Amino acid sequence: MIKLIVSDIDGTLVPDGSHEMNRELLDVIMKIRENGVQFAAASGRQWASIESIFGPIKEKVFYLSDNGAYVGCHGRNLFLNPIDRETVMDIVRDVRRMEGLEVMLSGPDVVYLETEKQEFIDWLVEGYQFRVKQVPDLTKVDSQFIKVSIYRETEVEEYTRELREKYKDRFKITIAGDMWMDCMKPGINKGQAVKLLQDSLEIKPEETMAFGDQLNDIEMLEQAYYSFAVGNARPEVKATARFQTDTNVNDGVLKILKLLV
């Protein structure tokens, strides 16, 4: 019996950077909940962005945001995993010296940027629905930080090799798509967040279904017996998952969930 369903968002439920989701999915989630099944959205996004996507049913969904650094529901933070501040500031200074990269710091409720590229900020606000604060100097921001995100328009994995090697022992680092490299506290990932939720709800991995497409979804898929890669997933994700469904643009997740109704 399935008791918990967990899904990534970007590349799995919606195209990267979008907040338009098939409304039928919301109806299906509510029908599944009537049978006692919990639903959690696991994403590199901040919780406010997740909430904007699930709108009408936002009170019925768990948020595993910032790649598992934040676990909560409807604006309530249940578990938070802040990063050592000195480590955060070190990587901010390194990124500043590298051409073509942007750095974004995620606090519990707001993301901070010092970029002057208004188009980039507008995309985060209008596409991802992020709560964004533009600041003159990230090193002067007085906040806890739960995630550091490095952005490049394309090929971020290739252009951040030096950073990944330097900080591999100080962060949990993962690649999310072609544009983002995310850094969390060591040991933090979507799989760890799913396990925490499973333990809290007394749900077993064999009672869990999960969907993903990117490298930052692998630990999450390993925490669920019914693990699905969407058709557009990376080869490493398809190799990890036990099952496969259709692509995100063809509603692969929805097709499987409708079978449970």
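It should be noted that the structure appears before, not after, this text.
Residues numbered from 1 in each chain as written. Predicted model: local features only at pLDDT ≥ 70, side-chain atom pairs only at ≥ 80, totals over all residues. Heavy atoms only, no water.

**Student:** I'm lost on the overall build of the protein in this one. Help?
**Tutor:** Scanning the protein from terminus to terminus reveals ten helices and 14 strands. Its C-alpha atoms give the protein a radius of gyration of 17 Å, near enough to 18 Å, the size a compact globule of 261 residues would have. Each principal axis of the C-alpha atoms in the protein carries an extent, and together these give about 50 × 35 × 35 Å. Put simply, the protein has 261 residues, and 58% of those count as buried. Side chains of the protein carry 33 positive and 44 negative charges; the gap between the two charge centres is 4 Å. (Helix = DSSP H or I, 4+ residues; strand = E, 2+ residues; numbered from the N terminus. Rg over C-alpha atoms; globule rule 2.2 N^0.38 Å. Buried < 20%, exposed > 50% of the residue type's maximum accessible area, 1.4 Å probe, protein only. Lys, Arg positive; Asp, Glu negative; His and termini not counted. Charge placed at Lys NZ, Arg CZ, Asp CG, Glu CD.)

**Student:** I would appreciate a short explanation of the pairing of strand β5 (residues 76-80) in the present structure.
**Tutor:** Two faces, one strand: in a regular strand the side chains alternate between the faces of the sheet. Pairing of strand β4 (residues 70-73) with β5, which is carried by four bridges, proceeds in the antiparallel orientation. The partner of Y70 across the bridge, within β5, is L80. Between the antiparallel neighbours β4 and β5 lie two residues, among them H74 with a positive phi of about 50 degrees. (Pairing = 2+ DSSP bridges.)

**Student:** How should the layout of surface pockets be read in this particular structure?
**Tutor:** Space left empty within the atom packing is revealed by a probe, the size of a water molecule, rolled over the atoms. Roughly 160 Å³ of internal volume is contained in the largest pocket. In this structure, the largest pocket is lined by G100, E102, K117, F120, Y151, R152 and E153. Split into classes, the residues belonging to the lining of the largest pocket amount to two nonpolar, one polar and four charged. (1 Å grid on protein atoms, 1.4 Å probe; cavity = no way out; pocket = protein on both sides within 12 Å on 5 of 7 lines; lining within 4 Å. Points joined across faces, edges and corners; volume = space filled by probe spheres on them. Nonpolar A, V, L, I, M, F, W, Y, C, P; charged D, E, K, R; others polar.)

**Student:** In this structure, what is going on with the nonpolar core? I would like to understand it.
**Tutor:** Considering soluble globular proteins, one finds that nonpolar side chains tend to be buried as a cluster. With 81 residues, the main nonpolar core has I5, V6, F54, L64, L105, V148 and L257 as its most contacted residues. With sequence-adjacent residues up to four places away left out, L64 is seen in contact with V6, A40, A41, A42, S43, I50, Y70, V71, A193, V194 and L197. Counting eleven residues, the second-largest nonpolar core is a separate cluster that includes M104, F120, Y128 and Y151. (Core = buried A, V, L, I, M, F, W, Y, C linked by side-chain atoms within 4.5 Å. Contact = heavy atoms within 4.5 Å.)

**Student:** Explain empty space enclosed by the protein to me, please; I cannot follow it from the model alone.
**Tutor:** Under the defined criterion, the tally for this structure stands at one cavity of 30 Å³ or more. In terms of lining, the largest cavity is formed by 20 residues, of which the most central are D10, G44, Y128, A176 and W180. Only β9 (147-151) and β11 (180-184) provide two or more residues apiece to the lining of the largest cavity. Of the residues in the lining of the largest cavity, the class split is six nonpolar, six polar and eight charged.

**Student:** How should I be thinking about the pattern of salt bridges in this particular structure?
**Tutor:** Once the charged atoms of two side chains with opposite charge are near each other, the side chains can pair. Scanning the model with the defined rule gives 20 salt bridges in all. Between D90 and R170 there is a salt bridge whose closest N-O contact spans 2.8 Å. Of this pair, D90 sits in helix α3 (residues 85-96) while R170 sits in the loop between α6 (161-167) and β10 (172-176); the two residues are 80 residues apart in sequence, bridging distant segments of the chain. Residue classification places D90 among the partly exposed residues on the basis of a relative accessible area of 22%. Its relative accessible area of 31% is what places R170 among the partly exposed residues. Taking the shortest distance from any N to any O, the salt bridge between D137 and K140 comes out at 3.6 Å. Residue class for K140 comes out exposed when judged on its relative accessible area of 66%. Taken together, the salt bridges that share partners define one network made up of R96, E114, D137 and K140. (Salt bridge = Lys/Arg side-chain N within 4 Å of Asp/Glu carboxyl O.)

**Student:** Before we go on, may I ask you to explain the environment of R96 in this structure?
**Tutor:** Among the structural elements, R96 can be located in helix α3. Sequence separation between R96 and L201 is 105 residues, and the spatial gap between their C-alpha atoms is 42 Å. Residues contacting R96, with those up to four places away along its chain left out, are E114, D137, L138 and T139. Here the side chain of R96 touches D137 through a polar contact of 2.7 Å, side chain to side chain. (Polar contact = N/O pair within 3.5 Å; in protein donor to acceptor, adjacent residues only side chain to side chain.)

**Student:** Is there a simple way to explain the pairing of strand β3 (residues 61-65) in this structure?
**Tutor:** Of all five residues in β3, five are buried, a share of seventy percent or more. Neither face of β3 is open: one carries V61, Y63 and S65, the other F62 and L64, and all of them are buried. Examined bridge by bridge, strand β2 (residues 38-42) and β3 share four bridges and lie parallel to one another. For A40, the partnering residue across the bridge sits in β3 and is F62.

**Student:** Looking at this structure, I do not really get the sheet that holds strand β8 (residues 132-134). What am I missing?
**Tutor:** The strands that make up a sheet pair up through hydrogen bonds in the backbone, lying either parallel or antiparallel. The mixed open sheet is built from six strands, whose spatial order is β8-β7-β6-β9-β11-β10. With partners counted over all chains shown, the strands left at the sheet margins are β8 and β10, one partner each. Across the sheet, the mean angle from the axis of one strand to that of its neighbour is 25 degrees, orientation sign disregarded. One ladder, built from five bridges, connects β10 with β11; its direction is antiparallel. Within the sheet, the bridge partner assigned to I175 lies in β11 and is M181. Strands β6 (102-106), β9 and β11 of the sheet are contacted by α3, whose axis makes an angle of about 160 degrees with β6. (Axes fitted to C-alpha atoms, helices over the stretch in contact; angles between N-to-C directions.)

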